[in-house]
Amino acid sequence: RAFCLRKLGKTDEAATVYRELLKASPNEPNGYATVELAELEAAREKFEPAAVLLRSLRSDAAKQGSLPDELREAALYRLGICEFKLARHREAAEVLDEFIRGFEKSPLAASASYFCGESLFQLGAHERACANFARVVERFPKDAACEPSLLRLGECQAQLQRWAESEKSFAEHLDRFKTSELGYQARFGVGWARENLGR
């Protein structure tokens, strides 16, 4: 019933039914209902309630045994994004790193790598952030996450004072994304790298 309501666009009613289901059978493995409800909450930017649901599911799975891969994939990705939106970058990086290690061929792998890298960037962990942004650039060149990842890669390399690498990344951004609204940042990055290279 909740699934049908969601498909009909009646998301508030669907959320109510999912909540009733989870309340009525707290000891049953209602993982799919939990993830669906969390998705509805996140879509309304209620990231804290969504994260609470997904953390609970992750905790229960750790105690009772693994979730089906399809469900674990969805739950980990959603939880990582919720933690990111809540500015809990350490938690986001941890969850998204687990996602990447477990589901490297997922259609969500590029997005997960970008948000993991962004969380690490916010934490000042530029070395680890570099690895995530580089993964997106190298493995997912046609994904929407590639452009911001390439820009952030140049910034991380600059933070690590790898000026030649930074110049290369920013120059590649300018070459590949000629009409980007972020081009001014890449041009600044090229100039900053050249200044530090004595050019």
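You'll find the structure just up there.
Overview of the structure. (Residues numbered from 1 in each chain as written. Predicted model: local features only at pLDDT ≥ 70, side-chain atom pairs only at ≥ 80, totals over all residues. Heavy atoms only, no water.)

### Structural notes on the state of the cysteines
Consideration 1: Under the counting rule described, the total for this entry stands at 0 disulfides.
Consideration 2: Free cysteine: C82, not disulfide-bonded; nearest cysteine sulfur from C116 at 16 Å. (Disulfide = S-S within 2.5 Å.)

### With respect to helix α3 (residues 31–43)
Consideration 1: A rise of 1.5 Å per residue sets the reference length of α3, with its 13 residues, at 18 Å; its end C-alpha atoms lie 18 Å apart and thus fit the reference within 8%.
Consideration 2: For α3, the tally of buried residues reaches 11 of 13 residues, placing the bulk of the element in the interior.
Consideration 3: Residues G31, A33, T34, V35, E36, L37, A38, E39, L40, E41 and A42 constitute the buried set of α3.
Consideration 4: E45 sits one or two positions beyond α3 and adopts a positive phi of about 60°. (Helix = DSSP H or I, 4+ residues; strand = E, 2+ residues; numbered from the N terminus. Expected span 1.5 Å × (residues − 1). Buried < 20%, exposed > 50% of the residue type's maximum accessible area, 1.4 Å probe, protein only.)

### A few points about the environment of C116
Consideration 1: Among the secondary structure elements, C116 is positioned in helix α7 (residues 109–122).
Consideration 2: Under the relative-accessibility criterion, C116 is labelled buried at 1%.
Consideration 3: Distance in space between the C-alpha atoms of C116 and G9 is 31 Å, their sequence separation being 107 residues.
Consideration 4: Contact partners of C116, with chain neighbours within four places excluded, come to A93, L96, D97, I100 and N132. (Contact = heavy atoms within 4.5 Å.)

### What to know about the pattern of salt bridges
Consideration 1: Applying the stated rule across the entire model yields 22 salt bridges.
Consideration 2: The partner of E39 in a salt bridge is R78, and the shortest N-O contact between them spans 3.3 Å. Linking E39 in helix α3 with R78 in helix α5 (residues 69–85), this pair joins segments that are 39 residues apart in sequence.
Consideration 3: Classification of E39 as buried rests on a relative accessible area of 16%.
Consideration 4: The exposure class of R78 is partly exposed, given its relative accessible area of 35%.
Consideration 5: Across the salt bridge formed by R88 and E83, the nearest N and O atoms sit 2.7 Å from each other.
Consideration 6: Relative accessible area serves as the criterion here: at 25%, R88 is assigned to the partly exposed category.
Consideration 7: The buried category is assigned to E83, whose relative accessible area is 3%. (Salt bridge = Lys/Arg side-chain N within 4 Å of Asp/Glu carboxyl O.)

### Considering the layout of surface pockets
Consideration 1: Put simply, the second largest pocket is a space of about 180 Å³.
Consideration 2: Lining the second largest pocket are Y32, V35, E36, E39, E70, L71, E73, A74, S106 and L108.
Consideration 3: At the level of secondary structure, the elements contributing two or more residues to the lining of the second largest pocket comprise α3 and α5.
Consideration 4: Considering only residue class, the lining of the second largest pocket consists of 5 nonpolar, 1 polar and 4 charged. (1 Å grid on protein atoms, 1.4 Å probe; cavity = no way out; pocket = protein on both sides within 12 Å on 5 of 7 lines; lining within 4 Å. Points joined across faces, edges and corners; volume = space filled by probe spheres on them. Nonpolar A, V, L, I, M, F, W, Y, C, P; charged D, E, K, R; others polar.)

### A word on the packing of aromatic side chains
Consideration 1: Under the criterion given, the structure shown has 7 aromatic pairs.
Consideration 2: Consider the rings of Y114 and F133, whose centres lie 6.0 Å apart with planes at 50°: the pair is tilted. A residue pair is termed long-range when its members are at least 10 positions apart, and Y114 in helix α7 and F133 in helix α8 (residues 126–139) qualify at 19 residues. Each member of the pair, Y114 together with F133, is buried.
Consideration 3: On the numbers, 5.3 Å between centres and 65° between planes, the contact of W163 with W192 is edge-to-face. (Phe/Tyr/Trp six-rings, centres within 6.5 Å; stacked < 30°, edge-to-face > 60°.)

### Examining the nonpolar core
Consideration 1: In this structure, Y18, F99, F133 and L153 are the most contacted members of the largest nonpolar core, which totals 54 residues.
Consideration 2: Per-element accounting of this core gives the leading share, 8 residues, to α5.
Consideration 3: Once residues lying within four places of it in the same chain are set aside, the contact partners of F99 are E73, L76, Y77, S106, L108, A109 and A112. (Core = buried A, V, L, I, M, F, W, Y, C linked by side-chain atoms within 4.5 Å.)

### Structural notes on helix α2 (residues 11–24)
In an α-helix, one turn spans 3.6 residues; hence positions three or four apart end up facing the same way.
Consideration 1: In this model α2 runs 20 Å from its N-terminal to its C-terminal C-alpha over 14 residues, within 8% of the 20 Å that 1.5 Å per residue would give.
Consideration 2: Burial in α2 covers these residues: A14, A15, V17, Y18 and L22. Projected onto a plane normal to the axis of α2, the buried residues spread over an arc of 165° and lie on a single side. Projecting away from the buried face of α2 at angles above 90 degrees are the exposed residues K23 and A24. (Arc of directions from axis to C-beta.)

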